[in-house]
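Structural features, examined
Okay, here's what each chain looks like letter by letter:
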Amino acid sequence: MKLRIAVLPGDGIGPEIMEQGVAVMKAIASRFNHEFTFEEALVGASAIDAVGDPYPAATHDVCMRADAVLFAAVGSLKYDNDPTAPIRPETGLLAMRKKLGLFANVRPVATFPCLLHKSPLKDELLRGADFVVIRELTGGMYFGEKYQDNDRAYDTDVYTRPEIERILRVAFDMARQRKKHLTVVDKANVLASSRLWRQIAREMEPQWPDVTTDYMFIDNASMRVLTEPRFFDVIVTENTFGDILTDGTSCITGSMGLQPSSSLGEHTPLFEPVHGSWPQAAGQNLANPLAQILSAAMLLEHFGLNAEGALVRQAVDASLAQNVRTPEIQIEGGAHYGTREVGQWIVNYVKSNG
């Protein structure tokens, strides 16, 4: 298969983990006789510093002519510590989602048996947890009308019927492919936008009669994903709630460095780790590249390259089992492996196994 992949390393640890993700993709291409071409482009703080725009037109052009986007992270202390900055790196991420029409963020949440001890949650709660959170990406407060002065500020949480219907359709279809259980997370007891979500979901339920659908307020859901994670199969929710909920799920995997995601919609699909840019660690060979590498596995599987994706996942599992891990998930007394060493170990595994 031929694939053209837009590579957006971004900021902070982004370039380091992206290097490993691309290396694994190249190893897969060589092993399975595929032709992957990679075109790198600027995004985030690095783009602001270079051209004054966190998502330049040139980067959008690269993304639009690609078959997929492999993205790392944006964010910089330079901008985090300056609340008056007129342009922020994260604005580029929002612009990219909007311009590419990426309305559905898919975040798998699963446990790694050898890492259960790294979670603050009890083993008996975690073991066997396996669910997906589908977050609406291009509506809600992040994109609604905003205002701020010294004494007053507001963000408007706006959703339309077409926006809600299309994300619910993705969620119902995914639930049908999995364990046929969908949980719609909202705040319908308080928010009008949530009441519209719930109304439309109930209207759509009969189209998927084989899917069991239930409804949960975001405060209850935030608690239950941590106390009863095995209850869930597919969760769907709006933009802000999804952002918060999926950060909490890192307690299940044991590290945000293990969580990949995809963003799907109208144009080029995008694949990225859920963690941030961790600018404090940039250039120190400390960052965990596994979420970036697992995002590459999701990219492969999106195009039907299931054996290739499975080999990447097998390599990741093997690296964890053999304690080839970056410091935040390494066992006590285990050998030190940095970003590059973990990535190279997985590349070597892909080349020699499967």
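Look up: the structure comes first, before these words.
What counts as what
Residues numbered from 1 in each chain as written. Predicted model: local features only at pLDDT ≥ 70, side-chain atom pairs only at ≥ 80, totals over all residues. Heavy atoms only, no water. Helix = DSSP H or I, 4+ residues; strand = E, 2+ residues; numbered from the N terminus. Rg over C-alpha atoms; globule rule 2.2 N^0.38 Å. Buried < 20%, exposed > 50% of the residue type's maximum accessible area, 1.4 Å probe, protein only. Contact = heavy atoms within 4.5 Å. Axes fitted to C-alpha atoms, helices over the stretch in contact; angles between N-to-C directions. Parallel < 35°, antiparallel > 145°, perpendicular 65-115°, else oblique. Left-handed = near helix turned anticlockwise from the far one by under 90°. Nonpolar A, V, L, I, M, F, W, Y, C, P; charged D, E, K, R; others polar. Pairing = 2+ DSSP bridges. Core = buried A, V, L, I, M, F, W, Y, C linked by side-chain atoms within 4.5 Å. Expected span 1.5 Å × (residues − 1). Arc of directions from axis to C-beta. Salt bridge = Lys/Arg side-chain N within 4 Å of Asp/Glu carboxyl O.

Further remarks concern the overall build of the protein chain. Secondary structure summary: the protein chain contains 14 helices and 12 strands in total. Expected size for 354 residues packed as a compact globule is a radius of gyration near 20 Å; at 20 Å, the protein chain falls within 12% of this value. For the C-alpha atoms alone, the extent of the protein chain along its principal axes is close to 55 × 50 × 40 Å. Taken over 354 residues, the protein chain has a buried fraction of 53%. Counted over contacts in the protein chain with a minimum sequence separation of 6, partners at least 24 positions apart contribute 75%.

As a further point, take the packing of helix α13 (residues 306-321) against helix α14 (residues 339-352). Contact geometry of α13 with α14 gives a least axis separation of 9 Å together with a crossing angle of 125°. By the criterion of interaxial angle, the relationship of α13 to α14 is oblique. Regarding α13 and α14, the two cross each other, and that crossing is right-handed. Contacts from Leu 311, Gln 314, Ala 315, Val 316, Ala 318 and Ser 319 in α13 reach Trp 345, Ile 346, Tyr 349 and Val 350 in α14. Within the contact of α13 with α14, the residues separate by chemical class into eight nonpolar, two polar and no charged.

Tracing the sequence through the fold places Leu 294 in helix α12 (residues 290-302). Separated by 264 residues in sequence, Leu 294 and Ser 30 place their C-alpha atoms 18 Å apart.

This brings us to the side chain of Ser 194. Among the secondary structure elements, Ser 194 is positioned in helix α8 (residues 192-204). Beyond its immediate sequence surroundings of up to four residues, Ser 194 is in contact with Asp 186, Lys 187, Ala 188 and Phe 241.

The mixed open sheet is built from 10 strands, whose spatial order is β2-β1-β3-β12-β11-β4-β5-β10-β8-β9. Because the sheet does not close on itself, it has two edges, and the strands there are β2 (35-40) and β9 (212-217). With direction set aside, neighbouring strand axes in the sheet form an average angle of 25°. In this sheet, strand β10 (residues 234-237) lies alongside strand β8 (residues 181-186) in parallel orientation, the contact comprising four bridges. Its bridge partner being in β10, Val 185 is matched across the sheet by Thr 237. Sitting on the sheet, helix α3 (residues 57-64) is in contact with β1 (2-10), β2 and β3 (68-73), with an inclination near 150° to β1.

This part is about the nonpolar core. In this structure, Ile 5, Phe 36, Leu 290, Leu 299, Val 316, Leu 320 and Ile 346 are the most contacted members of the largest nonpolar core, which totals 44 residues. Those elements that place two or more of their residues in this core are β1, α1 (14-32), β3, α12, α13 and α14. Those residues in contact with Leu 290 that lie beyond four places of it in its chain are Gly 257, Leu 258, Val 316, Ser 319, Leu 320, Val 342 and Ile 346. Ala 171, Trp 208, Tyr 215 and Val 236 belong to the second-largest nonpolar core, a separate cluster that totals 24 residues.

This part covers the pairing of β10. The side chains of a regular strand alternate, first on one face of the sheet and then on the other. A two-sided burial pattern is seen for β10, the buried positions comprising Val 234 and Val 236 on one face and Ile 235 and Thr 237 on the other. Bridge count between strand β5 (residues 130-136) and β10: four bridges; the pairing is parallel. Bridge assignment links Val 133 to a residue of β10, and that residue is Ile 235.

End to end, helix α5 (residues 89-100) covers 17 Å across 12 residues, agreeing with the expected 16 Å (1.5 Å per residue, within 8%). Every buried residue belonging to α5 is among Pro 89, Gly 92, Leu 93, Met 96, Arg 97 and Leu 100, and all of these are buried. Angular distribution of buried residues about the axis of α5 spans 135°; they occupy a single face of the element. The positive-phi residue at the C-terminal boundary of α5 is Gly 101, with phi of around 65°.

Okay, the pattern of salt bridges next. Tallied over the entire structure, the rule returns 15 salt bridges. Among the ionic pairs, Arg 176 bridges to Asp 210, the shortest N-O distance being 2.9 Å. In this pair, Arg 176 is assigned in helix α7 (residues 161-177) and Asp 210 in the loop between α8 and β9, connecting sequence segments 34 residues apart. Since its relative accessible area comes to 33%, Arg 176 is described here as partly exposed. Arg 313 is the salt-bridge partner of Glu 301, the closest N and O atoms lying 2.8 Å from each other. With Glu 301 in helix α12 and Arg 313 in helix α13, the pair connects residues that are 12 residues apart, well separated along the chain. Residue class for Arg 313 comes out partly exposed when judged on its relative accessible area of 29%. In the salt-bridge network here, residues are joined through shared partners; they are Asp 130, Arg 178 and Asp 233.

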